[in-house]
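# Descriptive structure summary
Each chain is listed here by its residues.
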Amino acid sequence: MRTIELTCDPALDRAVRTVWRQLADGGVDSLADNPHPTHRPHLTLAVCAAITPEQQAAVAELLSGALPLAVRFTGLLSFGARSRRRVLAWGVVPAPELIDLHRAVWRLLADAPEPDPRYLPGRWMPHLGLTRRVEPAGLALAHDVLGRHPDLTGTFDAARTFDSLARTTTALT
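Computed from a predicted structure; not experimentally measured.

### A word on the overall build of the protein
Secondary structure summary: the protein contains four helices and seven strands in total. Listing every helix and strand of the protein by position from the N terminus yields β-α-β-α-β-β-α-β-α-β-β. Whereas a compact globule of 173 residues would reach a radius of gyration of roughly 16 Å, the protein reaches 16 Å, a difference of no more than 12%. C-alpha extents for the protein along the principal axes are approximately 45 × 30 × 30 Å. Sequence-distant contacts, at least 24 apart, represent 79% of the contacts inside the protein between residues at least 6 apart. Counting every atom, the protein has about 8,700 Å² of accessible surface; 54% of that belongs to carbon and sulfur. With 19 positive and 18 negative side-chain charges, the protein shows a separation of 5 Å between the mean positions of the two kinds.

Listed below in structure tokens is the structure:
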């Protein structure tokens, strides 16, 4: 699979990593200790089986004109994973600029093979992952560790694509 992702500016990246560490130190299987060298906080805009070089160039051009993009994270979301497990995420406020950008990316990927329906316009729930797949007890512990989770504002300042087979990223901006 290939993704289109927005990445956080340095201050926002540090703030998210602080939350990841807070969860890990509290005993929750967070994203803090993912050893992959490309792992970093990001917002996924699109997932599909392949992206042509022409589509990638068009998306890069679009994103270079749209970034930096102000963002606000608010509230915790829980998504189903395999079996009883859940993923905890920080909700990203779907501001009009973000929704418009998301739709524009998908217009450029309209004929991309095997689009993941969870990321299509009208179905996409913008979020930034906080945990791996955890059992219900781990999800409850995450809420206890975080307490009243504050909103966070910042900026997405770059974009990339991730190739899940090669496990590599390519900068788009």
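### Considering the confidence of the model for the protein
For the protein, the mean per-residue pLDDT works out to 93, and 99% of the residues sit at or above 70. At the low end of the mean pLDDT range in the protein sits helix α4 (residues 136-146), at 90; at the high end sits helix α3 (residues 96-108), at 98.

### Section: the packing of helix α2 (residues 53-66) against α3
Running from N to C, α2 and α3 point in directions that differ by 160°, and their axes come no closer than 9 Å. What the angle tells us is that α2 and α3 run roughly antiparallel. When you trace α2 past α3, the crossing you get is right-handed. Two secondary-structure elements touch here, α2 through Gln55, Ala58, Val59, Leu62, Leu63 and Ala66 and α3 through Leu101, Ala104, Val105 and Leu108. A per-class count over the contact of α2 with α3 returns nine nonpolar, one polar and no charged.

### Considerations on the layout of surface pockets
Of the voids in this model, the largest pocket is the one considered here, and its volume is about 1,300 Å³. What lines the largest pocket is a set of 36 residues, among which His42, Thr44, Tyr119, His127 and Arg133 lie closest to the centre. Within the residue set of the lining of the largest pocket, elements represented by two or more residues are β1 (2-8), β2 (42-48), β3 (69-80), β5 (127-129) and β6 (152-163). The element that contributes the greatest number of residues to the lining of the largest pocket is β2, accounting for four residues.

### Considerations on the pattern of salt bridges
Scanning all chains against the criterion turns up eight salt bridges. One salt bridge connects Asp33 with Arg21, and the closest N-O pair in it is separated by 2.4 Å. Here Arg21 lies in helix α1 (residues 10-25) and Asp33 lies in the loop between α1 and β2, a separation of 12 residues in the sequence. Judged by relative accessible area, Arg21 falls into the partly exposed class, the value being 33%. Close ionic contact of Arg132 with Asp29 constitutes a salt bridge, the shortest N to O distance being 3.1 Å. Placement of the pair is Arg132 in the loop between β5 and α4 and Asp29 in the loop between α1 and β2, with a sequence separation of 103 residues. The exposure class of Asp29 is partly exposed, given its relative accessible area of 40%.

### Quick look at the packing of aromatic side chains
For any pair of aromatic rings, the description rests on two quantities: the centre-to-centre distance and the angle between the ring planes. Applying the stated rule across the entire model yields two aromatic pairs. Between Phe73 and Trp90 the ring centres are 5.3 Å apart and the planes differ by 50°, which places this aromatic pair in the tilted class. With Phe73 in strand β3 and Trp90 in strand β4 (residues 86-92), the pair connects residues that are 17 residues apart, well separated along the chain. Comparing Phe73 with Trp90 shows no difference in burial state: the two are buried. Seen from their ring centres, Phe73 and Phe156 are 6.2 Å apart, and the 50° between their planes marks the pair as tilted. Highlighted residues: Phe73 in strand β3 and Phe156 in strand β6, separated in sequence by 83 residues. Just as Phe73 is buried, Phe156 falls in that class too. The rings of Phe73, Trp90 and Phe156 are connected pair by pair, giving a single aromatic cluster.

Criteria and thresholds
- Residues numbered from 1 in each chain as written.
- Predicted model: local features only at pLDDT ≥ 70, side-chain atom pairs only at ≥ 80, totals over all residues.
- Heavy atoms only, no water.
- Helix = DSSP H or I, 4+ residues; strand = E, 2+ residues; numbered from the N terminus.
- Rg over C-alpha atoms; globule rule 2.2 N^0.38 Å.
- Contact = heavy atoms within 4.5 Å.
- Areas by Shrake-Rupley, 256 points an atom, 1.4 Å probe, with all protein chains shown as cover.
- Lys, Arg positive; Asp, Glu negative; His and termini not counted.
- Charge placed at Lys NZ, Arg CZ, Asp CG, Glu CD.
- pLDDT = per-residue confidence, 0-100.
- Axes fitted to C-alpha atoms, helices over the stretch in contact; angles between N-to-C directions.
- Parallel < 35°, antiparallel > 145°, perpendicular 65-115°, else oblique.
- Left-handed = near helix turned anticlockwise from the far one by under 90°.
- Nonpolar A, V, L, I, M, F, W, Y, C, P; charged D, E, K, R; others polar.
- 1 Å grid on protein atoms, 1.4 Å probe; cavity = no way out; pocket = protein on both sides within 12 Å on 5 of 7 lines; lining within 4 Å.
- Points joined across faces, edges and corners; volume = space filled by probe spheres on them.
- Salt bridge = Lys/Arg side-chain N within 4 Å of Asp/Glu carboxyl O.
- Buried < 20%, exposed > 50% of the residue type's maximum accessible area, 1.4 Å probe, protein only.
- Phe/Tyr/Trp six-rings, centres within 6.5 Å; stacked < 30°, edge-to-face > 60°.

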